[in-house]
Amino acid sequence: MEIYGETLSSRLFLGTAQYPSPAILQEAIAASGAALVTVSMRREGIHGSGAGFWNLLRDTGVRILPNTAGCHSAREAVTTAHMAREVFGTPWIKLEVIGHADTLQPDVFGLVEAAKILSDDGFKVFPYTTDDLVVGERLQAAGCEVLMPWGAPIGSGRGLANPEGLRAMRAHFPELPLVVDAGIGRPSDAAAAMELGLDAVLLNTAVAKAGDPVGMARAMALAVEAGHLGHRADPMERRDMAVPSTPVLGLAELT
Amino acid sequence: MITIAGAGLAGLACAYALARRGGAVRVFERADTLGAASASRYAGGMLAPWCERESAEDTVVSLGSRAFDWWARITPVHRRGTLVVAPRRDRTEVARFARRTSAYREVSGAEIGALEPALTGRFDRGLFFPEEAHLDPRQALADLATSVTQHGGEIHLATPAPPRVDLDCTGIAAALPDLRAVRGEMAILHCPEVEISRTLRLLHPRTPIYLVPRGGGTYTLGATMIESDHAGPPTLRALMELLGAAYALSPAFAEAEVVETGAGLRPAFANNLPRLDWRDGTLFLNGLYRHGFLLAPAMAEAAADQLMEMRDENPREFRTA
């Protein structure tokens, strides 16, 4: 798939927080085959002091997508994005503007505002948004060439809370890359998102907090691939009654 | 003479292990007060291998199990267990914690109240790890230094180590290529009206915390885990999370005096496990991460094994300082 003119080798993006150790994170990244990993700038970013951890991530060779997790205003997010560009030398930024500290729901107003400022400044913005179509349009108008709607609240592992909303999004933005970001708990959730025709899945807690993060990373990779292939193969329609797959014609009439 | 750089937890534990085996040890410490520059100053001092297993490898349990007796020879060890609770809305965290750990029993709200009357009615489910213990980190470090001296070891404060030493235990100051810092922020509360007698862990999906009683109504509250080598004072966000969690344990903590806040840097390798490394004739013990008091005994004994063997095989190899 292509985003901002760059070809990505996988449809799974991985967050890097909350792993038992960076060594396990490195193994999980390898097992997931992720094309992108996101890194939080906000907390670890004070004075560029997270270098030890970032160097371990760089060692994996995987492309880094810094994020503005933990920012509660457009202004804060813009400042953090600039810091990220300096530290990682990339204009790619996952834009999070959090509206509510408890639910971590995006503040879509601040999001659109920050997306505009950053796009105008040459950033390639990956906005963490809801499945609201109008917000999606505003983000696109602000310069975003990808949208990242939530599946469910961050870290909840509830899967796709509103699959119809995501389906509508796909229909409304047929050409724009759509990445389900947040809420994925199990491989079946990731597969379900891909079966809806979305382009990729971004997840973190589901792998980081699994009993075996490396095993779960591999499971997620397979699920994303399965869901994507399934969608492309044009699944059959669901029916309310059984339809035998062998012909009925010619069966003996026993009554 | 075996020379050691660093009189923090790792350095003193090694000095003790060596001195007890009859090794002549000399420890050099930059700081002019014992423990002033040591990450262990900000530690919880929990001996909690089974709880730690939630996010650590089995090694933590196997190496940590010998810590209880080791420390009991040196400093008071309070073996009162660990009580793990979660707010009602985060109760799935208890189930997750239980799946990843062992050596606990599930406790009801009534049992929680029986164990810690101050928590009566606050939580309806928890886990109790009866074998776990805690000690007072600052007291333990002082007692450890005393034990080193009693066994004939020398500790030189405000004295930089010579350029080459036999054992380097300088924590995050050691220039090891794959060593990183994981910042931890903590607070000390004084709240005589709340009586809690054992270590509590409050589970939360983002900010789990622990509270360790120090006696006399004093409690250590910790700790954040941030991938950062910034050594400055705690942030407002960290303190909000820590103090908010204490309030969630018991609203009576609202009246606590916050007598100290601090931040330390945990030295950690990529797998978050400690390691012994020989480099140019110096043995490095580092990477104790958040398991200093738990794993220092096993690592110090292992370091002493290697150093004593070296000394016996080739006494001239050892430096005189």
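Criteria and thresholds
Residues numbered from 1 in each chain as written. Chains lettered and ligands numbered in written order. Predicted model: local features only at pLDDT ≥ 70, side-chain atom pairs only at ≥ 80, totals over all residues. Heavy atoms only, no water. UniProt positions renumbered as here; feature names shortened; annotations may be inferred. Helix = DSSP H or I, 4+ residues; strand = E, 2+ residues; numbered from the N terminus. Rg over C-alpha atoms; globule rule 2.2 N^0.38 Å. Buried < 20%, exposed > 50% of the residue type's maximum accessible area, 1.4 Å probe, protein only. Contact = heavy atoms within 4.5 Å. Areas by Shrake-Rupley, 256 points an atom, 1.4 Å probe, with all protein chains shown as cover. Lys, Arg positive; Asp, Glu negative; His and termini not counted. Charge placed at Lys NZ, Arg CZ, Asp CG, Glu CD. Pairing = 2+ DSSP bridges. Axes fitted to C-alpha atoms, helices over the stretch in contact; angles between N-to-C directions. Polar contact = N/O pair within 3.5 Å; in protein donor to acceptor, adjacent residues only side chain to side chain. Phe/Tyr/Trp six-rings, centres within 6.5 Å; stacked < 30°, edge-to-face > 60°. Buried area = accessible area lost by both parts, 1.4 Å probe. Salt bridge = Lys/Arg side-chain N within 4 Å of Asp/Glu carboxyl O. Domains from an automatic or database assignment.

- In the nomenclature of an unreviewed UniProt entry, chain B is known as Glycine oxidase of Tritonibacter horizontis.

- Going by an unreviewed UniProt entry, chain A carries the name Thiazole synthase and comes from Tritonibacter horizontis.
- The Sequence similarities (unreviewed entry) comment attached to chain A in UniProt states, word for word, "Belongs to the ThiG family."
- Listed under Function (unreviewed entry) in UniProt, the entry text for chain A is "Catalyzes the rearrangement of 1-deoxy-D-xylulose 5-phosphate (DXP) to produce the thiazole phosphate moiety of thiamine. Sulfur is provided by the thiocarboxylate moiety of the carrier protein ThiS. In vitro, sulfur can be provided by H(2)S."

## Observations regarding the overall build of chain A
- Across its full length, chain A holds nine helices and ten strands.
- In terms of C-alpha radius of gyration, chain A reaches 20 Å, essentially the compact-globule figure of 18 Å for 255 residues.
- With the principal axes as the frame, chain A shows a C-alpha extent of 85 × 40 × 35 Å.
- Burial statistics for chain A: of 255 residues in total, 51% are counted as buried.
- When contacts within chain A are restricted to residue pairs at least 6 apart in sequence, those whose partners lie at least 24 apart make up 66%.
- When the accessible surface of chain A is summed, it comes to about 11,800 Å², and 52% of that surface belongs to carbon and sulfur atoms.
- In chain A, 20 side chains carry a positive charge and 29 a negative one; their mean positions are 3 Å apart.

## Overview of the sheet that holds strand 9 (residues 167-168) of chain B
All names here are of chain B.
- As summarised here, the arrangement of the six strands in space is 8-2-1-9-17-16, forming an open sheet in which the pairing is mixed. Looking along the sheet, the strands with just one partner apiece sit at the ends: strand 8 (154-156) and strand 16 (275-279).
- Of the pairings in the sheet, the one linking strand 2 (residues 25-28) to strand 8 comprises three bridges and is parallel in character. Residue arginine 26 lies in a different strand from strand 8, and its bridge partner there is glutamate 154.
- Packed onto the sheet, helix 9 (residues 292-313) meets strand 1 (2-5), strand 9, strand 16 and strand 17 (282-286) and runs at close to 30° relative to strand 16.

## Topic: the UniProt feature "binding site: 1-deoxy-D-xylulose 5-phosphate" (unreviewed entry) in chain A
All names here are of chain A.
- UniProt annotation of "binding site: 1-deoxy-D-xylulose 5-phosphate" (unreviewed entry) refers to Gly155, Ala182, Gly183, Asn204 and Thr205 when read in the numbering used here. A stretch of 51 residues holds the annotated residues, and the largest C-alpha distance among them is 9.2 Å, short enough that they meet in one place.
- With respect to the helices, strands and loops of the structure, glycine 155 is situated in the loop between strand 8 (148-149) and helix 6 (163-172).
- Not counting the four nearest positions on each side in its chain, threonine 205 is found in contact with Gln18, Gly155 and Ala210.

## Let's talk about the side chain of Asp277(B)
All names here are of chain B.
- Mapping aspartate 277 onto the fold places it in strand 16.
- By relative accessible area, which is 17% here, aspartate 277 ends up buried.
- Polar contacts involving the side chain of aspartate 277 include one to the side chain of arginine 275, which spans 3.1 Å.
- Each residue touching aspartate 277, except ones within four places of it in the same chain, is listed here: Thr282, Leu283 and Phe284.

## Notes on the packing of aromatic side chains
- Per the stated rule, a full pass over the model turns up eleven aromatic pairs over all chains.
- A centroid spacing of 5.5 Å and a plane angle of 50° characterise the contact between Tyr4(A) and Phe126(A), whose relative ring orientation is tilted. Within this pair, whereas Tyr4(A) is found in the loop between strand 1 (2-3) and strand 2 (6-7), its partner Phe126(A) is found in strand 7 (residues 124-129), the two being separated by 122 residues in sequence.
- The buried category is assigned to Tyr4(A), whose relative accessible area is 13%.
- Note on Phe126(A): relative accessible area 0%, which makes it buried.
- Between Trp50(B) and Phe68(B), the aromatic rings sit 6.0 Å apart at their centres with planes inclined by 15°, giving stacked as the arrangement.

## Looking at unusual backbone geometry
- The residue after Gly222(B), namely Ala223(B), is reached through a cis peptide bond having omega -15°.
- With respect to the element layout, Ala223(B) can be found in the loop between strand 13 (218-222) and strand 14 (226-227).
- Phi is positive for Leu104(A), close to 60°, though the residue is something other than glycine.
- For Leu104(A), a relative accessible area of 14% corresponds to the buried category.

## Observations regarding the interface of chain B and chain A
- Taken together, the contacts link 22 residues of chain B with 23 residues of chain A.
- The largest contributions to the chain B side of the interface with chain A come from Arg206(B), Glu227(B) and Arg237(B), which together make up 28% of the buried area.
- The interface formed by chain B and chain A contains zero salt bridges.
- Scanning the region where chain B abuts chain A turns up three residue pairs in polar contact (both at pLDDT 80 or more).

## Here's the deal with the domain arrangement of chain B
Residue and element names in this part refer to chain B.
- Domain parsing of chain B yields domain 1 (2-64 + 135-174 + 270-317) and domain 2 (82-130 + 180-268).
- Inter-centroid distance (C-alpha atoms) of domain 1 to domain 2 is 27 Å.
- On the side of domain 2, 29 residues touch domain 1, which itself brings 25 residues to the contact.
- For the pair domain 1 and domain 2, the summed buried area comes to about 2,200 Å², and 61% of that belongs to carbon and sulfur atoms.

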